[in-house]
Amino acid sequence: MEQSRDLPLVSIVTPSFNQGRFIDQTIQSVLGQDYPNLEYIVVDGGSTDETLDVLRRYEGRLRWVSERDGGQSEAINKGFRMARGDIVSWLNSDDTYLAGAVGKAVAYLCSHPEVAMVYGEGYLMDEAGRVTRRFPATEPFSLWRLVYFSDYILQQTVFWRRSVFDAVGMLDESLHYGMDWDFWIRVAKRFEIAYMPEFLGNLREYATAKTFAGGLARFHELTAMIRRHGTRRFPPAYFNYGWDAYQTALREKIRRDLPWLDWPLFRRAGRTLRRLGANLIFGRLSRLFPPSPYADGWPSDRAYFLFPSWRSKTRLRIAGSAAQVPEPLLPLKVEVMLNGRYGFRLDVTRPGDFALEVPLPPGIPDAPMLEVALWATPSFVPAAFGEKDHRRLSFQLAELTLA
């Protein structure tokens, strides 16, 4: 590690309220980092459990304050205002960093000055702190997927430059469940966000954790936030997050008002129906809206992209390769839809690289962001040609930009 005076100061903020049984693990995961230029701030909301005793044990190694506040978002913002770092993040008081997380994030941001925020991979852990599996939603960055499909960015792996606060502000303190998702979207509309395939943090799963106990209140807040940022009233995220919230609410209503339906036989039938419904919804959405594109540059037969601040742009450039598309499937036709309206068609007639730059056609429906959809036919599944890849693919995309 370089000398600390040559490294940017990193400020980590932990909001806390009555999480004394977890916070010591959180603190140790921060103070145990091998990064030498670290500032750690804990903002406690007036805990009445053992939290303050834990904090006192670390006097001199971190800064902390304990007083009543308006909730998690306000506490985090309070910590950010206290922070002096050029790079910042927050870590909830029941989650942990992995060894080397801070150093890896700083190294990435220092070597990619054009990137304002970076996130990585992470794990889920149980209430006792045992890692159970990889956080399954993480994927390379796509603004369309972030606004309309899911919050696939694991908050425990995110680090960003403090300067983004000057452009987008801090967390929205009116939000209690989706403040991180909202913040990622606001940053993405103004700055470049990058995905780093490194494991950086752990999210703790347990029944009373806010993420898992929000129910319909959480769903309604997330729905309003998504609709505020985008133009789709019922994007895939509505069904992604709504299924679990509504079926949980229905189950509670049945237990309260129709207790005879809560008998073991009906409970087993209900679990089966919920499982079938979830598989149907998530399976269908995953087929209709796969990653755009996949990490290796291949889009499926349907790919979606969002461009903020597009009204001053006049041309769309698309470049890629059909070198690995089975030749019998050519010519490949790619219809380009712009804010839901047909724009033009790209014909890929032979293997190899291609590039096309066209003027944006008149009459594109106005919207805060430009949605570009690529609908390709025919598509293919490599497994049908003797390979192990079972994805539905179209061509390799190298560039899709506005000028």
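Residues numbered from 1 in each chain as written. Predicted model: local features only at pLDDT ≥ 70, side-chain atom pairs only at ≥ 80, totals over all residues. Heavy atoms only, no water.

Engineer: Where do I start with the side chain of Thr14 in this structure?
Structural biologist: Mapping Thr14 onto the fold places it in strand 1 (residues 10-16). Here Tyr40 takes part through its side chain, which lies 2.7 Å from a polar atom of the side chain of Thr14. Setting aside residues up to four positions removed in sequence, Thr14 forms contacts with Thr26, Tyr40, Ile41, Val42, Val43, Leu91, Asn92 and Ser93. (Helix = DSSP H or I, 4+ residues; strand = E, 2+ residues; numbered from the N terminus. Polar contact = N/O pair within 3.5 Å; in protein donor to acceptor, adjacent residues only side chain to side chain. Contact = heavy atoms within 4.5 Å.)

Engineer: Would you explain the pattern of salt bridges in this entry?
Structural biologist: Any two side chains of opposite charge can pair, so long as their charged atoms come close to each other. A full pass over the atoms with the stated rule returns 19 salt bridges. Salt-bridge contacts for Arg84 lead to Glu39; the nearest nitrogen and oxygen are separated by 3.0 Å. Note that Arg84 is positioned in the loop between helix 3 (72-82) and strand 4 (87-90) and Glu39 in strand 2 (residues 38-44), a separation of 45 residues in sequence. Accessibility expressed as a relative area gives 58% for Arg84, which makes it exposed. Look at Glu39 and you get buried, because its relative accessible area is 4%. (Salt bridge = Lys/Arg side-chain N within 4 Å of Asp/Glu carboxyl O. Buried < 20%, exposed > 50% of the residue type's maximum accessible area, 1.4 Å probe, protein only.)

Engineer: Can you walk me through the packing of helix 7 (residues 179-190) against helix 9 (residues 215-229) in this structure?
Structural biologist: For any two helices packed against each other, one specifies the inter-axial angle together with the distance between the axes. Helix 9 packs onto helix 7 with a crossing angle of 10 degrees between their chain directions and a minimal axis gap of 10 Å. By the angle class used here, helix 7 and helix 9 are roughly parallel. On helix 9, the residues touching Trp181, Asp182, Ile185, Arg186 and Lys189 of helix 7 are Leu222, Met225, Ile226, Arg228 and His229. Among the residues making up the contact of helix 7 with helix 9, the classes are represented as five nonpolar, one polar and four charged. (Axes fitted to C-alpha atoms, helices over the stretch in contact; angles between N-to-C directions. Parallel < 35°, antiparallel > 145°, perpendicular 65-115°, else oblique. Nonpolar A, V, L, I, M, F, W, Y, C, P; charged D, E, K, R; others polar.)

Engineer: Got a minute to help me understand the sheet that holds strand 16 (residues 396-402) in this structure?
Structural biologist: Hydrogen bonds between backbone groups are what pair the strands of a sheet, and the pairing can be parallel or antiparallel. Taken in spatial order, the three strands line up as 14-11-16 in an open sheet, and their pairing is antiparallel. With partners counted over all chains shown, the strands left at the sheet margins are strand 14 (353-359) and strand 16, one partner each. Strand-to-strand twist in this sheet, taken as the mean axis angle between neighbours without regard to direction, amounts to 10 degrees. Bridge count between strand 11 (residues 315-321) and strand 16: six bridges; the pairing is antiparallel. Bridge pairing links Arg317 to Thr401 in strand 16. (Pairing = 2+ DSSP bridges.)

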